[in-house]
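# Coordinate inspection notes
Residues per chain are reported as follows:
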Amino acid sequence: QLPGNQAHIKVELEKLKKTYDSQQQKLEERVIAMGKELQEAKGAIGDTQHKLAEQSAVLLTSQSQLQEVEAENSLLQLRLKELNEEYRSRLTQYIKDVADYMDSKSSNVMGPSKAPADRAPMKRFVDSMLKDIRASYKSREEQLARAARGYKKRMKNLVKKHENLLIAYGLQREQIRSLGSSAMDCGPAELHFSITDPELLTNTTRELNRLREDKAKLEMQLHELQKVVAGLNLLFSPRQLDEEGWAEVRKQLREFAHTTQEDLEHERSQLLTRAIVAEEQVSELQEYIDKHLAR
């Protein structure tokens, strides 16, 4: 039967060859198109990096100017405080001089026969007035100090709650990512909601923000890798690879994804443990300072 089927075999071989040639041509066209897209993407990345460098230079200049202005403002506030103290002391001395002058004039007019207990009434009045003013100043300063301490304590509590919410948000993103598909939107990274105000940042918060930035970079790399894998799935379909080769590719991809995820999860768990321990230590130190070193 084999010699009789030669014509049929040749026809089938021609069909397979045409199919292979067409698929090879499509693959080459796809590779050329992807090369052009890659060049365009590189150009766009270069422009973006150039703009980012310019913005970074402007940001550094602005930060330097801001620091200079803050330093100048601190000096001006200190100078204003000194001038207020000097003005207050001069005004007190002027009032005392006026009181002494009035008492001396009153004593000269009334004569020396006046009783000693009735002398210098203006000085006594001025002393009483200055005493009340000092007491009111001291009371106001203590009130403002208590309000400032209460404000700082509330801000610390808010920052701590915010950090706890960010940790819970990160855990929820990881759960959604582990349960859903890779195309599911898990929301922006934790770094997007981090606190950036320098006055509210502690050393622990800065370390957490740095770790969140590293985690966001790793997530971006993983996302790009998933895009590459998806492109490979489109380019090399199961029909173009034999079953054994395709199974090997899928096995390697699964092993790579599993290993990468394990490494990321292990690193993330270590970082979270370090962050929690650091937060507990900072809380204990702050409590000790508030209780034993406040005076």
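Procedures and definitions
- As a convention, each chain's residues are numbered from 1 in the sequence order in which they are written.
- Only residues with pLDDT of 70 or above have their local features reported here, since the model is predicted, and side-chain atom pairs are shown and tallied only from 80 upward, although totals for entire chains, interfaces and linings are computed over all residues.
- Values shown for side chains rest on all heavy atoms present in the structure; no hydrogens or waters enter the calculation.
- In this analysis, a patch consists of residues with relative accessible area above 30% that form no salt bridge, clustered at 9 Å for like charges and at 5 Å for the nonpolar side chains Val, Leu, Ile, Met, Phe, Trp and Tyr.
- Surface accessibility follows the Shrake-Rupley procedure with a 1.4 Å probe radius. Residue values consider only the protein chains on display as shielding.
- Salt-bridge detection follows one rule: a side-chain nitrogen of Lys or Arg within 4 Å of a carboxyl oxygen of Asp or Glu.
- A run of DSSP states H or I qualifies as a helix once it reaches four residues; a run of E qualifies as a strand once it reaches two. Both are numbered from the N-terminal end.
- Note on classification: 1.4 Å probe, protein chains only; a residue is buried when its accessible area is under 20% of the maximum for its type, exposed when over 50%, partly exposed between these limits.
- For Phe, Tyr and Trp, rings pair up if their centres lie within 6.5 Å, where Trp contributes its six-membered ring, and each pair is then called stacked (planes under 30 degrees apart), edge-to-face (over 60) or tilted (otherwise).
- Sitting over a ring, as applied to charges here, requires NZ of Lys or CZ of Arg to be within 6 Å of the ring centre and within 35 degrees of the ring normal.
- Confidence per residue, as judged by the predictor, is encoded in pLDDT with a range of 0 to 100.
- Note on contacts: a residue pair qualifies if any of its non-hydrogen atoms lie within 4.5 Å across the two residues.

Attention shifts here to a nonpolar patch on the surface. Together, Val98, Tyr101, Met102, Met122 and Phe125 make up a nonpolar patch on the protein surface, roughly 500 Å² of accessible area in all. Sorting the residues of the nonpolar patch by element identifies α1 (6-110) and α2 (121-179) as the ones contributing at least two each. It is α1 that provides the largest number of residues to the nonpolar patch, a total of three residues. Residue position: Phe125 is located in helix α2. Looking at Phe125, the relative accessible area reads 52%, which means it is exposed.

A few words now on the packing of aromatic side chains. Counted according to the given criterion, the structure contains zero aromatic pairs. For Arg88, the ring lying beneath its charged end belongs to Tyr137, and the centroid distance is 4.0 Å.

It is worth spelling out the confidence of the model for the chain at this point. For residues with low pLDDT, the predicted coordinates do not support detailed interpretation. Summarising the model, the chain shows a mean pLDDT of 78, and 84% of its residues fall at 70 or more. Averaged over each element, pLDDT in the chain is lowest for helix α3 (residues 203-235) (74) and highest for α1 (85). A low-confidence stretch, residues 111-117 stays under pLDDT 50, and its non-local contacts, those more than four residues away or across chains, total one contact.

Counted under the stated rule, the structure contains two salt bridges. For Glu82, the salt bridge goes to Arg79, with nearest N and O atoms at 3.6 Å. Here Glu82 and its partner Arg79 are both found in helix α1, three residues apart, which amounts to about one turn of the helix. The partly exposed category is assigned to Arg79, whose relative accessible area is 45%. Taking the shortest distance from any N to any O, the salt bridge between Glu86 and Arg90 comes out at 2.8 Å. Within this pair, Glu86 and its partner Arg90 are both found in helix α1, separated by four residues, close to a single helical turn. A residue is classified by how much of its surface remains accessible, and Arg90, at 46% relative accessible area, is partly exposed.

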